[in-house]
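Commentary on secondary and tertiary structure
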Amino acid sequence: MMHDTKARSQATPTIGVFDSGFGGLTVLRSLIHHMPQARYAFIGDTARLPYGSKSRRTIARYAAQSAQFLVQEQGAEFLVIACNTASALALDAIKEAVPTIPVLGVIEPGAEAARAASHTGDVLVIATDATVQSHAYLAACKQRGLRTIEKAGPLLVPLVEEGWIDHPVTREVIEIYLNELRSEAGEHGFRADTLVLGCTHYPLLRSAFEHAVRPGVTVIDSAESTAQAAVKLFNGRVGSALARPSATKPKQTEVRCFATDSVEKFERLGSRFLGRPVGKVTLVDLGG
Ligand code: DGL
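First, a word on what this report is: a plain description of the structure on this page. Nothing here was measured: the structure is a model prediction, and the numbers come from that model.

For the rest of this paragraph, the subject is the environment of Ile32. Note that Ile32 resides in helix α2 (residues 25-34). Taking the relative accessible area as the measure of exposure, Ile32 reaches 4% and is therefore buried. Taking C-alpha positions, Ile32 is 9.5 Å from Leu274, a pair spaced 242 residues apart along the chain. If we skip the residues at most four places from it in the chain, Ile32 touches Tyr40, Pro250, Thr253, Val255 and Leu274.

Okay, here's the thing in structure tokens:
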């Protein structure tokens, strides 16, 4: 069903939020906190997860389909790409797919948060393979005068999707990845004081990361900084409900969730990411 977006923007705007799975619900949670008066439509492309091991071309095709679903079927007037992998490799493709819609990714806000947190200017990033290969964080951090070492953590997304949040295997895997990252940082003479969780699945493992890093290292994820960037970007665009103070409480915010597979798992585990029940999740087919 197509929505009359003009009519809706005069009422309550819909923000579309997209991830390859349900990790992006951590970003949605921050968006709701900052803009409870908006409506939200979230899609997790769970049928085609993980994106992090796929090529740019495939990621771009998948991400563009999800973006079009949110805009054309759900009436989204703004998009937040709550997936580092899609933000790193497919932001331009998404913008081309929905040319009239403001689109915000998570990499720039994540790099901005790193800049604000780091005193030494040396930053570590852990992310998916594809995000690391793209060097999107390296580039965004360099623009802000930061030195960066990136490391892929391909085992972490499946562990999170499995719900192994507070699990000895997950803690061990984190320890191994961080040791590798530290030893590379040591070889390059880094004095890293900031670790960026460059994947929207990792905030669920935040406390495990915080236990595993050396004292004095700040662990950051881009959810909060993305929400702040979204407020600035979206509020400026419309004289709409978003710009007005609202009495809406985050618990009352309308959230519609969609997934391309694993609806039951999404409903079961999604509330941990969102910090409230995700409600009924609708299965959608985005094609091949
Ligand atoms: N949520 C994705 C990200 O932020 C990772 C999951 C995947 O590999 O699809 O990079």
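Anyway, onward from the coordinates.
With that settled, the discussion passes to the side chain of Thr85. Residue placement: Thr85 occurs in helix α4 (residues 84-97). For Thr85, a relative accessible area of 4% gives the class buried. A polar atom in the side chain of Thr85 sits 2.9 Å from the side chain of Thr128. Apart from residues lying up to four places away in sequence, Thr85 is in contact with Tyr51, Gly52, Ile59, Ala90, Thr128, Ala130 and Thr131.

A separate point is helix α12 (residues 263-274). Across its twelve residues, α12 extends 15 Å between first and last C-alpha, which sits within 8% of the 16 Å expected from 1.5 Å per residue. Those residues of α12 that are buried are in contact with α2, β2 (39-44), α8 (156-161), β9 (255-259) and β10 (281-283).

Okay, the pairing of strand β5 (residues 122-127) next. The two faces of a sheet get side chains in turn, since along a regular strand they alternate between them. The buried fraction of β5 amounts to six of the six residues, a majority that puts the element mostly inside the structure. A two-sided burial pattern is seen for β5, the buried positions comprising Asp122, Leu124 and Ile126 on one face and Val123, Val125 and Ala127 on the other. Relative to strand β6 (residues 147-152), β5 is paired through six bridges, and the arrangement is parallel. When the bridges of β6 are listed, Val123 appears paired with Thr148.

This part is about the packing of α2 against α12. Taken N-terminus to C-terminus, the directions of α2 and α12 make an angle of 50 degrees; their axes are 8 Å apart at the nearest point. Compared by their axis directions, α2 and α12 come out oblique. Here the hand of the crossing between α2 and α12 comes out right-handed. Along its contact with α2, which presents Leu25, Thr26, Leu28, Arg29 and Ile32, the element α12 presents Phe266, Gly270, Arg272, Phe273 and Leu274. Among the residues forming the contact of α2 with α12, the class breakdown is six nonpolar, two polar and two charged.

With parallel pairing, four strands are arranged side by side in an open sheet as β6-β5-β7-β8. The strands lining the two open edges of the sheet, one partner per strand, are β6 and β8 (218-221). Averaged over all pairs of adjacent strands, the angle between strand axes in this sheet comes to 25 degrees, irrespective of strand direction. Of the pairings in the sheet, the one linking β5 to strand β7 (residues 194-198) comprises five bridges and is parallel in character. What sits directly across from Val125, in β7, is Val196. In the packing of helix α5 (residues 107-117) onto the sheet, contacts are made with β5, β7 and β8, and the angle to β8 comes to roughly 160 degrees.

Rules behind the numbers
Residues numbered from 1 in each chain as written. Predicted model: local features only at pLDDT ≥ 70, side-chain atom pairs only at ≥ 80, totals over all residues. Heavy atoms only, no water. Helix = DSSP H or I, 4+ residues; strand = E, 2+ residues; numbered from the N terminus. Buried < 20%, exposed > 50% of the residue type's maximum accessible area, 1.4 Å probe, protein only. Contact = heavy atoms within 4.5 Å. Polar contact = N/O pair within 3.5 Å; in protein donor to acceptor, adjacent residues only side chain to side chain. Expected span 1.5 Å × (residues − 1). Pairing = 2+ DSSP bridges. Axes fitted to C-alpha atoms, helices over the stretch in contact; angles between N-to-C directions. Parallel < 35°, antiparallel > 145°, perpendicular 65-115°, else oblique. Left-handed = near helix turned anticlockwise from the far one by under 90°. Nonpolar A, V, L, I, M, F, W, Y, C, P; charged D, E, K, R; others polar.

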